[in-house]
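# Structural features, examined
Letter by letter, the chains look like this.
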Amino acid sequence: MSDVQEGHEHPEDSAELSYYAQRAQAIEALLEEKGLCTPEEVQQAVNTVESRSPADGARVVARAWVDPGFKQRLLADPRSAVEEMGYILPDANTQLAVLENTEDVHYLVVCTLCSCYPRNLLGRPPDWYKSLAYRSRAVIDPRGVMAEFGLELPGEMEVRVMDSTADMRYLVLPRRPAGTEGLSEEALARLVNRDSMIGVTDPFIPQAVASA
Ligand code: FE
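Parameters and conventions
- Residues numbered from 1 in each chain as written.
- Predicted model: local features only at pLDDT ≥ 70, side-chain atom pairs only at ≥ 80, totals over all residues.
- Heavy atoms only, no water.
- Salt bridge = Lys/Arg side-chain N within 4 Å of Asp/Glu carboxyl O.
- Helix = DSSP H or I, 4+ residues; strand = E, 2+ residues; numbered from the N terminus.
- Buried < 20%, exposed > 50% of the residue type's maximum accessible area, 1.4 Å probe, protein only.
- Phe/Tyr/Trp six-rings, centres within 6.5 Å; stacked < 30°, edge-to-face > 60°.
- Lys NZ or Arg CZ within 6 Å of the ring centre and 35° of its normal.
- Expected span 1.5 Å × (residues − 1).
- Domains from an automatic or database assignment.
- Disulfide = S-S within 2.5 Å.

## What to know about the pattern of salt bridges
For the coordinates displayed, the defined rule picks out nine salt bridges. Of the charged contacts, one joins K71 and E100 as a salt bridge, the two residues approaching to 2.5 Å between their closest N and O atoms. Of the two residues, K71 sits in helix α5 (residues 68-76) while E100 sits in strand β1 (residues 95-100), which places them 29 residues apart along the sequence. Salt-bridge contacts for K130 lead to D127; the nearest nitrogen and oxygen are separated by 3.7 Å. Taken as a pair, K130 and D127 lie in helix α8 (residues 127-130) at a separation of three residues, close to a single helical turn. Judged by relative accessible area, which is 62%, D127 ranks as exposed. Through salt bridges with shared partners, a single ionic network connects R137, D141 and E148.

Take a look at the structure:
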């Protein structure tokens, strides 16, 4: 055995695993022991989430912008609508709601308790989403938080803060930027940034429109 191999230590054997990592391992071991899931299923779930990114949510938003029928289905029954696009929400106990921003109402999503997030459409949440500062301030001063992200909403617009839970995840359907009538679905999807699907910002405005 070479020196390198002798020195190799599997990270899972390390005594330095964090409390939460140890707890997750213990829970996984118990679930497997009780036959509730297999290691392959756990790995498959991890793979799915790791393969998701805000580009996936952006595809859904762009489709809703160009296809009124899809938008209607997305708002009424998000689970089956996103399934049309190949996105499976595996856990039947976790609901997804799509919140449509309008001229009158702007939605902002937070999880005040922890970090609940539509990971099957957006991937892992950004660190700030999990921070105590965001979780508390989003509720107390949503407009102040949005201003820090560069979004100043008109005073008459209603702001609705939605608190995610383990049972209910939210995806904001942002407003389609003005001047994007001629853009393809793919081009529109590139305007949809992650933060606009959380509601702290609006989508990008296309450069040609912004500089006109
Ligand atoms: Fe949470």
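## Topic: the packing of aromatic side chains
This model, assessed by the stated rule, comprises six aromatic pairs. Look at Y129 and Y134: their rings are 5.8 Å apart centre to centre, the planes differ by 35°, and that puts the pair in the tilted class. The exposure classification of Y129 matches that of Y134, with both residues buried. Aromatic rings pair up to connect Y117, W128, Y129, Y134 and F149 into one cluster. When the ring centre of F70 is taken as reference, the NZ or CZ atom of R63 above it lies at 5.9 Å.

## Some remarks on helix α4 (residues 54-66)
Look at α4: 19 Å from first C-alpha to last across 13 residues, which is about the 18 Å you get at 1.5 Å a residue. The complete set of buried residues in α4 reads D56, G57, A58, V60, V61, A62, A64 and W65.

## Comments concerning the domain arrangement of the protein chain
Taken domain by domain, the protein chain holds domain 1 (3-50) and domain 2 (53-211). Its C-alpha centre places domain 1 at a distance of 32 Å from the equivalent point of domain 2.

## Observations regarding the state of the cysteines
The tally for this structure, following the rule as stated, stands at zero disulfides. C116 provides the cysteine sulfur closest to C37, a residue in no disulfide bond, and the two sulfurs are 19 Å apart.

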